[in-house]
Amino acid sequence: MKAPSPQAGVTLVETVIAIVVLVPLLYSIFSVGDVARRSVRTQDVAAELDASVGRIGRRLVEQLRPATLASLQARQSPADAWETPLAGQSYSGIHFASDDPVEPATSVQFVRDTGESSNGVDDDGDLLIDEGNLRSQRGTEKWVDLATGIEQATVVIVGRLITITVQAAKRDQGSRIMRVRRDFTICIRN
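Helix and strand counts for the protein come out as 1 helix and 8 strands. On C-alpha atoms alone, the protein measures out to a radius of gyration of 28 Å, which is more than a quarter above the 16 Å that the 2.2 N^0.38 rule sets for 190 residues. Overall, the protein is about 105 × 35 × 30 Å in size when its C-alpha atoms are taken along their principal axes. Within the span of the protein, comprising 190 residues, buried residues form 33% of the whole. Expressed as a percentage of contacts within the protein between residues at least 6 apart in sequence, the contacts between residues at least 24 apart total 50%. Surface accessibility of the protein: about 11800 Å² in total, with carbon and sulfur atoms responsible for 58%.

Right, here's the structure in full:
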């Protein structure tokens, strides 16, 4: 067998052929990785939104726990007066007192953002539909935002059961909208 020549090496043609083969291969590997990264980020946004809606619902249920049936009042919008709720009617706000006379009455109200109306359309161009804030007030204290970016928050009362529906939305880094809708039901005291 003949020993390799000390001047043996890779020719320019062989180098070009290797580049032509490797470039598409590397491109496909990196593009698959990019798709996987975007998918993980999207799933992170969806999971964060789901957890956020869960926390909002648990907080509302916690606030409603001391409520009494006789003290319940509801209203369709912040401009309306509090009234005795009709069974099965959907409301955007609820007002109630605790069975503990020392505790102040509590109000929870969904308030749409300025420029939004209840029409099922994105009025302000941010890709969220009819969004607003969920606010709470204890006694005569100042209203406090419980959550922002809420597209829908309704309260339905049937007998002693109160069902709260919360729908929130959030944009991921690719400007796709993630939406989560959950119902929370609580049975209150007489």
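Once the structure has been displayed, the description carries forward.
Judged from the 11 bridges that link them, strand β7 (residues 161-171) and strand β8 (residues 177-187) form a sheet pairing that is antiparallel. Within β8, the position partnered with V166 by the bridge is R182. Between β7 and β8, which pair antiparallel in sequence order, lie 5 residues; one of them, S175, sits at a positive phi of approximately 65°.

Now for helix α1 (residues 12-64). Taking 1.5 Å per residue as the helical rise, α1 with its 53 residues ought to reach 78 Å, and the 77 Å between its terminal C-alpha atoms agrees with that figure. Among all positions in α1, only T42, V45, L49, V53, G54, I56, G57, L60, V61, Q63 and L64 are buried. Structurally, α1 contributes buried residues whose contacts are with β3 (93-96), β4 (106-112), β5 (132-138), β6 (144-158), β7 and β8.

Turning next to the packing of aromatic side chains. Enumeration over the complete set of coordinates arrives at 0 aromatic pairs. We note R75 situated over the ring of W82; from NZ or CZ to the ring centre the distance is 3.9 Å.

Turning next to the nonpolar core. L60, L64, I94, L134, I150, I162 and V166 are the most contacted members of the largest nonpolar core, which totals 29 residues. Take this core: its biggest share by element is 7 residues, from α1. Those residues in contact with V166 that sit more than four places away from it in its chain are V53, I56, L60, I150, Q152, V180, R181, R182 and F184.

This part is about the side chain of T106. Note that T106 resides in strand β4. For T106, a relative accessible area of 5% corresponds to the buried category. Those residues in contact with T106, other than ones at most four positions away along the chain, are Q63, I94, H95, F96, S136, Q137 and R138.

Counted according to the given criterion, the structure contains 5 salt bridges. Taking the shortest distance from any N to any O, the salt bridge between R182 and D50 comes out at 3.6 Å. Of this pair, R182 sits in strand β8 while D50 sits in helix α1, and the two are 132 residues apart along the sequence. Its relative accessible area of 34% is what places D50 among the partly exposed residues. Two residues, E151 and R179, come together in a salt bridge whose shortest N-O distance is 2.8 Å. Taken together, the residues E151 in strand β6 and R179 in strand β8 connect sequence positions 28 residues apart. A relative accessible area of 6% means that E151 is categorised as buried.

With that settled, consider the confidence of the model for the protein. Taken as a whole, the protein shows an average pLDDT of 85; of its residues, 95% reach a score of 70 or greater. Within the protein, α1 has the poorest average pLDDT of any element, 85, and strand β2 (residues 90-91) the best, 94.

This part covers the environment of A46. Turning to its location among the elements, A46 is positioned in helix α1. Under the relative-accessibility criterion, A46 is labelled partly exposed at 22%. A sequence separation of 92 residues divides A46 from R138, and the C-alpha atoms of the two residues are 31 Å apart.

About the criteria used
- Residues numbered from 1 in each chain as written.
- Predicted model: local features only at pLDDT ≥ 70, side-chain atom pairs only at ≥ 80, totals over all residues.
- Heavy atoms only, no water.
- Helix = DSSP H or I, 4+ residues; strand = E, 2+ residues; numbered from the N terminus.
- Rg over C-alpha atoms; globule rule 2.2 N^0.38 Å.
- Buried < 20%, exposed > 50% of the residue type's maximum accessible area, 1.4 Å probe, protein only.
- Contact = heavy atoms within 4.5 Å.
- Areas by Shrake-Rupley, 256 points an atom, 1.4 Å probe, with all protein chains shown as cover.
- Pairing = 2+ DSSP bridges.
- Expected span 1.5 Å × (residues − 1).
- Phe/Tyr/Trp six-rings, centres within 6.5 Å; stacked < 30°, edge-to-face > 60°.
- Lys NZ or Arg CZ within 6 Å of the ring centre and 35° of its normal.
- Core = buried A, V, L, I, M, F, W, Y, C linked by side-chain atoms within 4.5 Å.
- Salt bridge = Lys/Arg side-chain N within 4 Å of Asp/Glu carboxyl O.
- pLDDT = per-residue confidence, 0-100.

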